[in-house]
Amino acid sequence: MRKIWHWRYFYLLLAPTLLYFLVFNYIPFYGIVIAFKNFQPFKGVWESPWVGWKNFDTMFSSVKFPELIRNTVLISFYRLLFGFPVPILFALMLNEVRTMWFKRTIQTITYFPHFLSWVVFGGIVFNVIGPSGIVNLVLGNLGFEPLNLAANPEVFRSLVVVTGILKEFGWAAIIYLAALTGIDPHLYEAVKVDGGGKLRQIWHITLPGIRPMIAMLLILQLASILDAGFEQILILSNPVVYSVGDIIDTYVYRVGLLEANYGLATAVGLFKGVIAAVLIVSANHIIRRTGEKSLW
């Protein structure tokens, strides 16, 4: 009891965070039972009739379901393949800048988009590439045909990946920049004495120094492979690109809120959560077997 009293201010600071996760992450587990019911709002959760696995049968037998899985996995894979290395490369380049005012200016410019909501950032994207955007304005003045990139299924996934990188790479680089500060400067001096240039320093000192952080963030990225960016795709997509851009989260939004099919929407969300849990446990196990620092 004396220890608890001694750390009372620490627990007081920790309380809002614990309360947040309790209210928004644990109490909602109560609603998982809706996946096994024909939920009727006026009857409530427990008074609604049970339907067993019917919602899951509907989900797996739907012709839409394979398309949702394919779109979600492909978009997330492209994000991982092209987006994951960008903050690392940016942090490595920014770490070599010695002019502090220039470094801070670049940091501010690249961090800023993270603080914009997708509603605002999506509006900026449409002002650039939309039917009446800057790109088409320039093309029209040059005598070319206008391009409607936002309604082109062939480029929609690329648009999602590129805009996602532009919005978040500066903020994601913060973690790597913090990890770089923990590397002993004497190691670089030792490489210089041995005649190693800048690239050799990065390869033998910098990258191994931040490798544990890279591994940990990779685990978290793999765990969210079914999170392809709900807000972003909801803002950027339209019915024309549903064949390549409709993901699990946007489908749950339409089915659950717009069509009021709460049971099916909950079943799809539960399926996604189970797969995410399996992925994070598997990725954590693989990383631990390779000798890197894991989440647990």
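In this convention, every chain numbers its residues from 1, walking through the sequence in written order. It should be noted that, the model being predicted, local features are given only for residues of pLDDT at least 70 and side-chain atom pairs only at 80 or more, the latter also being counted only at that level, while totals for whole chains, interfaces and linings use all residues. Calculation of side-chain values draws on the structure's entire complement of heavy atoms; hydrogens and water are dropped beforehand.

## Notes on the overall build of the protein chain
Turning to step 1, where the next piece is worked out: Under the scheme used here, helices are H or I runs from DSSP no shorter than 4 residues and strands are E runs no shorter than 2 residues, and both carry numbers assigned from the N terminus. Tallying secondary structure elements over the protein chain gives 15 helices and zero strands in all.
Turning to step 2, where the next piece is worked out: Summarising its shape, the C-alpha atoms of the protein chain cover approximately 80 × 75 × 35 Å along the three principal directions.
Turning to step 3, where the next piece is worked out: The cut-offs for exposure are 20% and 50% of the maximum accessible area for each residue type, with area from a 1.4 Å probe on protein chains only; residues under the lower value are buried, those over the upper are exposed, and the others partly exposed. Every one of the 296 residues in the protein chain was classed for burial, and the buried ones make up 36%.
Turning to step 4, where the next piece is worked out: Only the protein chains shown count as cover for residues, with accessible areas throughout obtained via the Shrake-Rupley method and a probe of 1.4 Å. Accessible surface, the protein chain as shown: approximately 18,400 Å² in total, 70% of it carbon and sulfur.
Turning to step 5, where the next piece is worked out: Neither His nor the chain ends is counted toward charge; the positive residues are Lys and Arg and the negative residues Asp and Glu. Charge positions come from single atoms, namely NZ of Lys, CZ of Arg, CG of Asp or CD of Glu. In the protein chain, 23 positive and 16 negative side-chain charges are present, and the distance between their average locations comes to 10 Å.

## Some details on empty space enclosed by the protein
Turning to step 1, where the next piece is worked out: Here a cavity denotes a set of grid points, spaced 1 Å apart and computed over the protein atoms alone, in which a 1.4 Å probe fits but from which it cannot get out, and a pocket denotes an open set meeting protein on both sides within 12 Å along at least five of seven lines; residues with an atom within 4 Å of a point are reported as lining. Grid points are joined across faces, edges and corners, and a volume is the space filled by probe spheres set on the points. Within this structure, the stated rule accounts for one cavity of 30 Å³ or more.
Turning to step 2, where the next piece is worked out: Those elements that place two or more of their residues in the lining of the largest cavity are α3 (54-61), α4 (65-83) and α15 (262-289).
Turning to step 3, where the next piece is worked out: Here the term charged refers only to Asp, Glu, Lys and Arg, the term nonpolar to Ala, Val, Leu, Ile, Met, Phe, Trp, Tyr, Cys and Pro, and the term polar to all other amino acids, Gly among them. The class makeup of the residues in the lining of the largest cavity is six nonpolar, two polar and one charged.

## Things to note about the UniProt feature "domain: ABC transmembrane type-1" (unreviewed entry) in the protein chain
Turning to step 1, where the next piece is worked out: UniProt positions are given in the numbering used here, feature names are shortened, and annotations may be inferred rather than shown by experiment. Per the UniProt record, "domain: ABC transmembrane type-1" (unreviewed entry) is annotated on residues 69-283.
Turning to step 2, where the next piece is worked out: Helix makes up 77% of residues 69-283 and strand 0%, whereas the separation of the span's terminal C-alpha atoms amounts to 20 Å.

## Some remarks on the UniProt feature "transmembrane region" (unreviewed entry) in the protein chain
Turning to step 1, where the next piece is worked out: Within this numbering scheme, the UniProt entry marks residues 12-36, 73-94, 115-139, 159-181, 202-226 and 262-287 as carrying the feature "transmembrane region" (unreviewed entry).
Turning to step 2, where the next piece is worked out: With 60% helix and 0% strand, residues 12-36 has end C-alpha atoms that lie 39 Å from one another.
Turning to step 3, where the next piece is worked out: Counting secondary structure, residues 73-94 comes out at 95% helix and 0% strand; the distance between its end C-alpha atoms is 31 Å.

## Overview of the pattern of salt bridges
Turning to step 1, where the next piece is worked out: By definition, a salt bridge exists where a carboxyl oxygen of Asp or Glu is found within 4 Å of a side-chain nitrogen of Lys or Arg. Under the counting rule described, the total for this entry stands at seven salt bridges.
Turning to step 2, where the next piece is worked out: The closest approach of N and O atoms between Arg 98 and Glu 96, which form a salt bridge, is 4.0 Å.
Turning to step 3, where the next piece is worked out: Judged by relative accessible area, which is 59%, Arg 98 ranks as exposed.
Turning to step 4, where the next piece is worked out: Residue classification places Glu 96 among the partly exposed positions, given a relative accessible area of 27%.
Turning to step 5, where the next piece is worked out: Of the charged contacts, one joins Asp 227 and Lys 272 as a salt bridge, the two residues approaching to 2.4 Å between their closest N and O atoms. Here Lys 272 lies in helix α15 and Asp 227 lies in the loop between α11 (198-223) and α12 (230-236), a separation of 45 residues in the sequence.
Turning to step 6, where the next piece is worked out: The exposure class of Asp 227 is partly exposed, given its relative accessible area of 40%.
Turning to step 7, where the next piece is worked out: Looking at Lys 272, the relative accessible area reads 13%, which means it is buried.
Turning to step 8, where the next piece is worked out: Through salt bridges that share partners, Lys 64, Glu 67, Asp 246 and Arg 254 make up one connected network.

## Digging into the packing of α4 against helix α5 (residues 85-95)
Turning to step 1, where the next piece is worked out: To define axes, lines are fitted to C-alpha atoms, for helices over the stretch in contact only, and angles between the resulting N-to-C directions are given on a 0 to 180 degree scale. Where α4 meets α5, the axes come as close as 6 Å, and the angle between the chain directions of the two elements is 20°. Taken together, the axis directions place α4 and α5 in an arrangement best described as roughly parallel. Of the residues in α5, those touching α4 at Leu 80, Leu 81, Phe 82 and Gly 83 are Pro 85, Val 86 and Pro 87.
Turning to step 2, where the next piece is worked out: By residue class, the composition of the contact of α4 with α5 is six nonpolar, one polar and no charged. Each angle receives one of four descriptions, namely roughly parallel if under 35 degrees, roughly antiparallel if over 145, roughly perpendicular if within 65 to 115, and oblique otherwise. Whether two residues are in contact is decided by their heavy atoms: any pair within 4.5 Å suffices.

## As for unusual backbone geometry
Turning to step 1, where the next piece is worked out: Non-glycine residue Ala 260 carries a positive phi angle of around 60°.
Turning to step 2, where the next piece is worked out: Assignment of secondary structure puts Ala 260 in the loop between α14 (248-258) and α15.
Turning to step 3, where the next piece is worked out: Judged by its relative accessible area of 40%, Ala 260 is partly exposed.

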